[in-house]
Amino acid sequence: MNTIIIIDIIFTAISGIGLLWTLKKGKTVFLGHRTYIFAGLLSFIMAYGFFLVFQNEKQRFIEILEDIVGAMIPMWWIFLFFSCLDAMSELDIRKSEKKFRHIFNTMANGYFLINKDGFITDANPASAKILHYNNPREIIGLNFEDLFMYSSLFDKFQNLFSENSTIRNFEIEFKTRNNQIITVTSNFHKIHSLNGILDGLEGTFTDITERKKSERERQRFLKLLDSQNEDLESI
């Protein structure tokens, strides 16, 4: 019987150390709230056992311990079963988050998450590259309106969102970090909380500066060609 008591002491000590470690980390690892319940139960049993021992009721403690251990065997297997389910769920979540973060960091389009006050709260590496910033951290915290080259264009952007929850293929002229002008085509949509309150905007944008420049050059060439044709016809 003394062996049972020793095993119980060791198991309780290990559980207590595990509980302290999870509290230090700020969360339970895989086991969820059942870790706290199970460790707390074992700690209570051990404390009660020491109380009985000090009261010279060792035999009573042994009898109670035997009954508890017998009753806890099925509970222990149930605990392990649900803990394994927790582990698999958390691994799936981590795998999905890792996949999303990889897509987020490697996508060619810029991405902005904007809160309801108009400040950028998240941005991806592509947005920093397009706007000539060193990294996304330099963009986070900026006022979205300040990136617009013309305030009238931002007013138009706001007016569209006052009537729609989504805008697509909206061209914006942004200011880069070194005050150059770039043209992007954007797609934004509103974000709402669970109770329907507007939380902000989310969207992507693509740099089309070179394409717009090529279009202007083409228009200029066609206009020059038409002018030369008119001159030839007049001769």
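Predicted model only: the values in this text are computed from it and were never measured.

J.: Looking at this model, I keep getting lost on the sheet that holds strand β5 (residues 198-207). Mind explaining?
T.: One open sheet holds the five strands; their spatial order is β2-β1-β5-β4-β3, and the pairing between them is antiparallel. The open sheet terminates on both sides in strands that have one partner only, identified here as β2 (120-123) and β3 (166-175). Sheet twist, expressed as the mean angle between neighbouring strand axes with direction ignored, is 30°. Taken together, the nine bridges between strand β4 (residues 181-192) and β5 define a ladder with antiparallel strand orientation. Across the sheet, the residue bridging to threonine 185 is threonine 206, located in β5. Sheet strands in contact with helix α5 (residues 151-163) are β3, β4 and β5, and its direction is about 165° off that of β3.

J.: Would you explain the packing of aromatic side chains in this entry?
T.: By convention here, two paired aromatic rings are described through the distance between centres and the angle between planes. Per the stated rule, a full pass over the model turns up 14 aromatic pairs. Ring geometry for phenylalanine 157 versus phenylalanine 188: centroids 5.6 Å apart, planes at 90°, classification edge-to-face. Linking phenylalanine 157 in helix α5 with phenylalanine 188 in strand β4, this pair joins segments that are 31 residues apart in sequence. Like phenylalanine 188, phenylalanine 157 is buried.

J.: Is there a simple way to think about the side chain of threonine 209 in this case?
T.: Note that threonine 209 resides in helix α6 (residues 209-234). On the accessibility criterion, threonine 209 (19% relative accessible area) is buried. Of the polar contacts made by the side chain of threonine 209, one reaches the backbone nitrogen of threonine 183; its length is 2.9 Å. Other than its neighbours up to four places away in sequence, threonine 209 contacts Ile181, Ile182 and Thr183.

J.: Would you take a moment to explain the pattern of salt bridges for this structure?
T.: Where charged atoms from two side chains of opposite charge approach closely, those side chains can pair. Applying the stated criterion across every chain yields a total of five salt bridges. Among the salt bridges present, the one from glutamate 138 reaches arginine 177, with a minimum N-O distance of 3.4 Å. Here glutamate 138 is found in the loop between α4 (125-130) and α5, whereas its partner arginine 177 is found in the loop between β3 and β4, with 39 residues between them in sequence. Residue class for arginine 177 comes out partly exposed when judged on its relative accessible area of 43%. For arginine 211, the salt bridge identified is with glutamate 215, shortest N-O distance 4.0 Å. In this pair, arginine 211 and glutamate 215 both sit in helix α6, four residues apart, roughly one turn of the helix. Residue classification places arginine 211 among the partly exposed positions, given a relative accessible area of 47%. Accessibility expressed as a relative area gives 38% for glutamate 215, which makes it partly exposed.

So, how was this worked out
- Residues numbered from 1 in each chain as written.
- Predicted model: local features only at pLDDT ≥ 70, side-chain atom pairs only at ≥ 80, totals over all residues.
- Heavy atoms only, no water.
- Pairing = 2+ DSSP bridges.
- Helix = DSSP H or I, 4+ residues; strand = E, 2+ residues; numbered from the N terminus.
- Axes fitted to C-alpha atoms, helices over the stretch in contact; angles between N-to-C directions.
- Contact = heavy atoms within 4.5 Å.
- Phe/Tyr/Trp six-rings, centres within 6.5 Å; stacked < 30°, edge-to-face > 60°.
- Buried < 20%, exposed > 50% of the residue type's maximum accessible area, 1.4 Å probe, protein only.
- Polar contact = N/O pair within 3.5 Å; in protein donor to acceptor, adjacent residues only side chain to side chain.
- Salt bridge = Lys/Arg side-chain N within 4 Å of Asp/Glu carboxyl O.

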